[in-house]
2 protein chains.
Amino acid sequence: MKNLLDGIQNTLLLGAGPSGVAPSTYYALSRSTLGHLDPYFIKIMDELKDGLRTLMGTQNLLTVPMSGTGSIGMEASFVNLIEHGDKVLVLQNGVFGTRMVDVASRLGAEVTELKFEWGTPVVVDQVAEALKKDNYKIVAVVMAETSTGVSNPVAEIGQLLKGTDTLYLVDAVTSMGGMPMELDAWGVDVCYSGSQKCLSCPPGASPITFSDRAVQVLNNRKTPVPNWYLDMSLLTKYWGGNTRVYHHTPPINMFYGLYQAVHNILEEGPEQVYARHQAAHTRLVAGIEAMGWEMLVDEGYRLPMLNAVVVPEGVDEAALRRKLLNDYGIEVSSGLGALAGKIIRIGLMGYNAQDYNVDRLLDAMKEIVG
Amino acid sequence: MKNLLDGIQNTLLLGAGPSGVAPSTYYALSRSTLGHLDPYFIKIMDELKDGLRTLMGTQNLLTVPMSGTGSIGMEASFVNLIEHGDKVLVLQNGVFGTRMVDVASRLGAEVTELKFEWGTPVVVDQVAEALKKDNYKIVAVVMAETSTGVSNPVAEIGQLLKGTDTLYLVDAVTSMGGMPMELDAWGVDVCYSGSQKCLSCPPGASPITFSDRAVQVLNNRKTPVPNWYLDMSLLTKYWGGNTRVYHHTPPINMFYGLYQAVHNILEEGPEQVYARHQAAHTRLVAGIEAMGWEMLVDEGYRLPMLNAVVVPEGVDEAALRRKLLNDYGIEVSSGLGALAGKIIRIGLMGYNAQDYNVDRLLDAMKEIVG
């Protein structure tokens, strides 16, 4: 019987994710499966939780990987905290802000959307104004907008919320592992990420953290969490405490992969890893500008790991991406939503955030566009 | 830096899942990650969907792996079909029936629970009686109750529902890949499974299928699905049709593993695989009875892949399991709920359903209990 897996080409993943994976992490995925209640697996998970806390800059006891891909972290954050009619303010400047609005609305929240132009960051003064007009249970923002390449001012927004009862929810899917995170210092209550961006593990695990304050809100709910799989109060009985109570069987081998991926970052040193991302980004921007092309986002608000490049008129971006994939084995991503057809998104994430990958991509692009 | 993964012992997984994994499937997990919109990945997924249909005995167009572990299949089945106040009948004779009640109730369903003694099967005549008393939108049952080792009469229950508007929902987490499934012939509308039982892939993917009738009910909802991640109407835009629309990044490498696991079953031949499960089960039961121990479930209702063995008085079941794991490298599972402390659960699933594994376990048990 033919096996399609034998035909998989080794692609250089420089898109919006999934990102490249280190050989050590691929190997980790293939280690012998242990039972989910095996004391040795619990030991691995405890150390993984510690590693996640380090990269997130938090002491939160409730810090675990969720059993799903990045978007399940968003779902889990909202479903545990929202009850019908709760007021949520979403700071929206891209696709993932829009998704937050969708997720929270489906759960019965009364969502206010504060919109900013895609490609520009959230403006802190406008957030301050909005906060004067109403009281919100949750304020939510995407730290690194994967759809636009914009870095949002999460620390400054956190300052506005300090001393209030409002929970601060941050999406760190694309930022975690590629730039510094100091959740406790920033006053973040709930944060989630995905394994498949700068953590450089395949998709399938979603690190999440809840502050004690967020856990209190969860424990004081008037209605049950309308999702058994993602109910953090049940999950914590499996993930914490002295007796581990079976909830669901987590993706053991995915968590091996995440363990190894976090291990790799801690071993290289988080500061070195962030500097490597920044260096690759700087090199890419220089190359793009030398081609006479432009970045979508103004300097100062650009993410290192997600680079939105404006495709000049006359260049067929779909053909460019297709040629990069088919002739050069390099994947980059299209624009999403309103930016579809107008930009390409170049990811420099984790294992692939290297100068030599930037050069390989730039050389290929120059050959294609002539 | 110390790496705990280096200390993982190769354990013979003979518990309630996760089950043993073939070397080819471990290898598949470690293949190069492709982008989730890469045409070659779409090709792999299309073939995987075909394989799932074959093992499930269905032609359902909407047959996909969900991005989570087995329990997410249960969550996805109910959340897509239930609207507030919908009547659901759950046929409950174990932990996973109880979980169905919990999942459906949280979603606002009006749940009726028809209970049967744990360790005995659902009685079809009693179901027929219950169906006379009320009209249900959904009737739900667990095909292979992992908590008790009971095989439920899914085909017979399906007969009762033919020609009605009631949707028939079946949990096949433990059965799929280990015993024949003929969903279309049985009249099943919604069915889900997990990768980590008889499919012999690590946990992290949950095959699910919806009949056209179930898709119609989904499409005619009055309220949005209160879960963005699991909304099948969004997922189908990614999984089907000519243009693939990004929804969420699925667990690429987990799906490689599932592809390989399904491939292995098709290559060996499903009938041969089922016979191998049955043979291992028969050998285990003979060995258990030769020790003077008893099976929980009466002959004729026993699952081949999940064997509930009554622990005789005077035998410390926790110590037995601990010794099996620590001294013999064999994992078996405890009882759940009311059966905790009274039974051990021996899984003969997928790759590990082999006579030589049965013998290794029986020899170890005899040495321990003397």
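The rules behind the values
- Residues numbered from 1 in each chain as written.
- Chains lettered and ligands numbered in written order.
- Predicted model: local features only at pLDDT ≥ 70, side-chain atom pairs only at ≥ 80, totals over all residues.
- Helix = DSSP H or I, 4+ residues; strand = E, 2+ residues; numbered from the N terminus.
- Rg over C-alpha atoms; globule rule 2.2 N^0.38 Å.
- Contact = placed C-beta atoms within 7 Å.
- Nonpolar A, V, L, I, M, F, W, Y, C, P; charged D, E, K, R; others polar.
- Expected span 1.5 Å × (residues − 1).
- Buried ≥ 20, exposed ≤ 12 C-beta atoms within 10 Å, placed from the backbone.
- Least-squares fit on C-alpha atoms with pLDDT ≥ 70 in both.
- Pairing = 2+ DSSP bridges.
- Axes fitted to C-alpha atoms, helices over the stretch in contact; angles between N-to-C directions.
- Parallel < 35°, antiparallel > 145°, perpendicular 65-115°, else oblique.
- Arc of directions from axis to C-beta.
- Right-handed = clockwise from strand over helix to strand, strands pointing away.
- Left-handed = near helix turned anticlockwise from the far one by under 90°.
- Core = buried A, V, L, I, M, F, W, Y, C linked by C-beta atoms within 7 Å.
- pLDDT = per-residue confidence, 0-100.

**Q** Looking at this structure, I do not really get the overall build of chain A. What am I missing?
**A** Along its length, chain A carries 13 helices and 15 strands. For 370 residues, the compact-globule formula gives about 21 Å, and the C-alpha radius of gyration of chain A, at 21 Å, lands near that figure.

**Q** For this particular structure, what's the right way to read the interface of chain A and chain B?
**A** One frequent convention defines the size of an interface as the accessible area lost when the parts assemble. The interface is formed by 64 residues belonging to chain A together with 64 residues belonging to chain B. Residue composition of the side of chain A that touches chain B, by class: 31 nonpolar, 23 polar and ten charged.

**Q** Looking at this structure, I do not really get helix α4 (residues 95-106) of chain B. What am I missing?
**A** Note on helix geometry: an α-helix contains 3.6 residues per turn, so any two residues three or four positions apart are oriented the same way. Residue and element names in this part refer to chain B. Across its twelve residues, α4 extends 17 Å between first and last C-alpha, which sits within 8% of the 16 Å expected from 1.5 Å per residue. Within α4 the residues assigned to the buried category are V95, F96, G97, R99, M100, V103, A104 and R106. Each element contacted by the buried residues of α4 is listed here: α3 (70-81), β3 (87-92), β4 (110-115), β5 (138-142), β6 (144-145) and β8 (167-171). Of the residues flanking the end of α4, it is G108, one or two places downstream, whose phi is positive at about 90 degrees.

**Q** Is there a simple way to explain the relation of the copies chain A and chain B in this structure?
**A** Overlaying chain A with chain B gives an RMSD of 0.0 Å, the required rotation being 180 degrees about an axis along which the chain moves by 0.0 Å. The symmetry that links the two subunits is that of a two-fold axis. When C-alpha positions in chain A are compared against the rotation axis, the closest is assigned to A:G68, at 2.4 Å. A share of 100% of the interface residues of chain A reappears at the interface of chain B, consistent with the copies meeting face to face through the same patch.

**Q** Quick question: what am I supposed to make of unusual backbone geometry here?
**A** Generally, phi is negative for residues other than glycine and the peptide bonds are trans, each holding for most cases. Residue and element names in this part refer to chain A. Cis rather than trans, the peptide bond between G17 and P18 has omega equal to 5 degrees. By secondary structure assignment, the location of P18 is in the loop between β1 (12-13) and α1 (23-29). Phi angles above zero are rare outside glycine, and S200 is one such case at about 65 degrees. For S200, the position within the fold is in the loop between β9 (190-192) and β10 (206-210). Residue S200 is classed as buried on the basis of its 31 C-beta neighbours within 10 Å.

**Q** Help me understand the environment of A:D165 in this model?
**A** Residues and elements named next belong to chain A. On the secondary structure map, D165 appears in the loop between α6 (154-161) and β8 (167-171). Overall, the presence of 10 C-beta atoms within 10 Å leaves D165 in the exposed class. Taking the C-alpha atoms as reference points, D165 and L14, separated by 151 residues in sequence, lie 40 Å from one another.

**Q** Just to check I follow, could you spell out the sheet that holds β3(B) for this structure?
**A** In sheet architecture, strand pairing relies on hydrogen bonds along the backbone and comes in two forms, parallel and antiparallel. Residues and elements named next belong to chain B. Sheet architecture is open: seven strands sit in the order β2-β10-β9-β8-β5-β3-β4, paired in mixed fashion. A strand with exactly one partner marks an edge of an open sheet, and here the two such strands are β2 (62-66) and β4. Each strand of the sheet is rotated relative to its neighbour by a mean of 15 degrees, with strand direction disregarded. Pairing of β3 with β5, which is carried by four bridges, proceeds in the parallel orientation.

**Q** I'm lost on the packing of helix α10 (residues 252-268) of chain A against helix α11 (residues 270-290) of chain A in this one. Help?
**A** Packed helices, taken two at a time, are described by their axes: the angle between them and the distance between them. All names here are of chain A. Axis separation between α10 and α11 bottoms out at 5 Å; the angle between their running directions is 95 degrees. With respect to each other, α10 and α11 are oriented roughly perpendicular. The segment α10 lies against α11, with I265, L266 and E268 engaging P270, Q272 and V273. Its residues assigned to classes, the contact of α10 with α11 comprises four nonpolar, one polar and one charged.

**Q** Can you help me understand helix α12 (residues 317-328) of chain A in this one?
**A** Residue and element names in this part refer to chain A. For α12, which comprises twelve residues, the first-to-last C-alpha distance of 15 Å matches the rise-based estimate of 16 Å (1.5 Å per residue) to within 8%. R321, L324 and L325 are the residues of α12 that are buried. Buried residues of α12 fall within an arc of 90 degrees about the axis and therefore sit on the same side. Facing away from the buried side of α12 by more than 90 degrees, the exposed set consists of A319, N326 and D327. Against the buried residues of α12 lie β13 (330-331), β14 (333-334), β15 (343-347) and α13 (355-369).

**Q** Any chance you could explain the pairing of β4(B) here in plain terms?
**A** On a regular strand, each side chain points to the face opposite its neighbour's, so the side chains alternate between the two faces of the sheet. All names here are of chain B. Of the pairings in the sheet, the one linking β3 to β4 comprises six bridges and is parallel in character. Residue Q92 lies in a different strand from β4, and its bridge partner there is K115. For the handedness criterion, the β-α-β arrangement of β3, α4 and β4 is classed as right-handed.

**Q** I would appreciate a short explanation of the sheet that holds β15(A) in the present structure.
**A** Residue and element names in this part refer to chain A. If you trace the four strands from one edge of the open sheet to the other, you get β11-β12-β15-β14, paired in antiparallel fashion. Each edge of the sheet is formed by a strand with only one pairing partner; in this case those strands are β11 (294-295) and β14. Two elements, β14 and β15, share two bridges in a ladder whose sense is antiparallel. Paired with S333 across the two strands is R345, which belongs to β15.

**Q** Would you mind showing me how to read the packing of α11(A) against α13(A) here?
**A** All names here are of chain A. Where α11 contacts α13, the axes come no closer than 9 Å and their chain directions differ by 20 degrees. As judged from the angle between their axes, α11 and α13 are roughly parallel. In the packing of α11 onto α13, the handedness of the crossing is right-handed. Between α11 and α13, the residues in contact are A279, A280, R283, L284 and G287 and D355, V358 and L362, respectively. Classifying every residue of the contact of α11 with α13 by side-chain character gives five nonpolar, one polar and two charged.

**Q** It is not clear to me how the nonpolar core should be interpreted in this structure. Could you clarify?
**A** Where a protein is soluble and globular, its nonpolar side chains tend to be buried together. Counting residues in hydrophobic clusters, the biggest one holds 240 residues, and the most contacted among them are A:V88, A:A104, A:L258, B:V88, B:A104 and B:L258. With residues up to four places along the chain from it excluded, the contact list for B:L258 reads B:L48, B:P65, B:S195, B:L199, B:C201 and B:A205.

**Q** When you look at the confidence of the model for chain A in this model, what are you seeing that I'm missing?
**A** Low-pLDDT stretches of the model should not have their predicted coordinates read in fine detail. Within chain A, residue pLDDT values average 96, and 99% of them lie at 70 or more. With pTM at 0.97, the complex prediction returns an ipTM value of 0.96.

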